[in-house]
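One letter stands for each residue in the lines below.
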Amino acid sequence: MRPPTSTLRRNVLLDRVVCQQRRLVLVPQSRLPGTLRRTLTTSRAPVATPSQRLRAGYFVSNAFLPRVKANGIHDSASSQRSSTVASTTSTTADTAHGSSSTTQPTTATDLPPVDDTLLPHRRRQAQRKAAAAAAAAAAANGKTPTPLINPDAPTADLAPDASSQLAAAAASAPADSLKRRLSSLLSLSKPRLTVLVVLSAMVPYALYPVPSFLTSSALDTSLAPSLSPLTLLFLTTGTTLCSASANALNMLYEPDTDSKMTRTRTRPLVRRLLTTKAAVFFAVGCGLAGTLALYFGVNPTVSFLGAANIALYAGAYTPLKRISAVNTWVGAIVGGIPPLMGWAAAAGESATGDGTWRELLFASDGSSLGGWLFAGLLFAWQFPHFMPLSWGIRHEYKAAGLRMLAWTNPARNGRVALRYSLAFIPLCVGLSATGVTEWSFAVTSLPVNAWLVWEAIKFWRLEGHKGSARGLFWASVWHLPVIMVLALAQKKGMWGRVWRSVFGEPEEEDGEWVYEDEDEEEAAGVGEVVKGVVKK
């Protein structure tokens, strides 16, 4: 049955009404029929909202992220931020409604509430606006505004580190389970930092130039020493245990300051996942096992360096953090010792003298210079890496009572980062000059070093603001592995040996000497035969 004509006319008119998300009617009501005008007038009035100009990236971010979230992809760091925001919001709500219950005050490490579905740069913008609003509200109420986490911090969008993840896994396990104990003990060792320490010891070991007389074909290969995989195994095992011991002792010394900082508040001793006695046994056991493995499996010099590194990190660097900003330089020395351990381990296998620390570390022929250059690389790298990292959380360091240049002297903080970034250029040239790498390494490493220097200049000029701290931090993160890979790929004489092994070209000088020796032996043998015949 055909509907009435009035109904059809009304449907057509309604189709001509164009609305947006904010319910803005584009067709003027004066041009509509009286019946439809009365219908719209009696309906609910549209909500009046101010017009807002949307950027081009608005639709991309809001169309993509909901689909990602719907697929179950979540960021663990965002989850932690959400939980922190929820607790802060509930505290603020209780205070606003005059709740009589005792609530925990907002600390300097709480994050302002933001939408976790936003892209990282939009999330930082939202955090800055929320921080400014919170500071204004606190000033209006006559309260001192609490400093919030800097959204421009280099680690603002990083996922939790391995120690935090292991501590979370231990907390979710049953109280007396083996998983809880193992995860907590492994968290004490700071796994990612330990892996970096071990790699910094392995690279100099692999780059040590074996003397040419040890590879000569004139020598019996069974008597010629070489870089042994077994020695490398003891080196990596002992270095791992020494690093785990130093990190565990560090956590044992400062659980009170760890509880005041976002980066460290989830450590196992802060969350009481382990007893102090268990942590002490773990630290002492790893230290003894590591030094013994280095002593019997490598050499006494490397074992002494490993024990000295534990003492410096746990006995000097950690206490100095509360006293003076010099702690950063002591920590840089700790970072420069593992490359020296790897170099001394390789030098001990090709030592021609007594193999003492003088021969391994201070050789008279200058062969130990390569190890000191690698130690200088890791020493200098600590500053362009740590200075921007500490700048982003300088308020937390100050609240925890840890003296860092980022808040005690911000201008010097940038100068130090720039100064040690410039040191990489002569250090890389020195590796080529001492015969550790080819001269091509000095050329190929120059663009990487120039990138680091440029980011350090921006960090110094802007004093960490406008994203300069983030830029220098990530430049340092990529800089070190790229330099190490370039050095390994351009080891002195490596590609020449590869060429000869593939194409079978003989050694010119060695071959001539071998042929001459064979001719002399044949001539001597013929002469003896002739003399015997004549005598007869």
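The protein chain appears in an unreviewed UniProt entry as Protoheme IX farnesyltransferase, mitochondrial from Neurospora hispaniola. The UniProt entry for the protein chain carries the following comment under Function (unreviewed entry): "Converts protoheme IX and farnesyl diphosphate to heme O." According to the UniProt record, the Subcellular location (unreviewed entry) comment for the protein chain reads "Mitochondrion membrane".

Here we come to the pattern of salt bridges. Considering all chains together, one arrives at 5 salt bridges under this definition. Here glutamate 438 makes a salt bridge to lysine 492, at a shortest N to O gap of 3.8 Å. Here glutamate 438, found in the loop between α19 (424-433) and α20 (439-462), pairs with lysine 492, found in the loop between α21 (468-489) and α22 (494-503); they are 54 residues apart in sequence, far enough to count as distant. Given a relative accessible area of 40%, lysine 492 falls into the partly exposed group.

Moving on, we come to the side chain of serine 187. Tracing the backbone through its elements, the reader meets serine 187 in helix α7 (residues 178-188). Assessed through its relative accessible area of 0%, serine 187 is described here as buried. Apart from residues no more than four positions distant in its own chain, serine 187 is found in contact with Ser163, Leu166, Ala167, Met251 and Pro268.

The interhelical angle for the contact between helix α6 (residues 162-172) and α7, taken along N-to-C directions, is 160°, at an axis separation of 8 Å. One finds that α6 runs roughly antiparallel with respect to α7. Along this stretch, α6 crosses α7, giving a crossing that reads as left-handed. Residues Ser163, Leu166, Ala167, Ala169, Ala170 and Ala171 of α6 form the contact with α7, whose participating residues are Lys179, Arg180, Ser183, Ser184, Leu186 and Ser187. Across the contact of α6 with α7, the residue classes tally to 6 nonpolar, 4 polar and 2 charged.

What counts and how
- Residues numbered from 1 in each chain as written.
- Predicted model: local features only at pLDDT ≥ 70, side-chain atom pairs only at ≥ 80, totals over all residues.
- Heavy atoms only, no water.
- UniProt positions renumbered as here; feature names shortened; annotations may be inferred.
- Salt bridge = Lys/Arg side-chain N within 4 Å of Asp/Glu carboxyl O.
- Helix = DSSP H or I, 4+ residues; strand = E, 2+ residues; numbered from the N terminus.
- Buried < 20%, exposed > 50% of the residue type's maximum accessible area, 1.4 Å probe, protein only.
- Contact = heavy atoms within 4.5 Å.
- Axes fitted to C-alpha atoms, helices over the stretch in contact; angles between N-to-C directions.
- Parallel < 35°, antiparallel > 145°, perpendicular 65-115°, else oblique.
- Left-handed = near helix turned anticlockwise from the far one by under 90°.
- Nonpolar A, V, L, I, M, F, W, Y, C, P; charged D, E, K, R; others polar.

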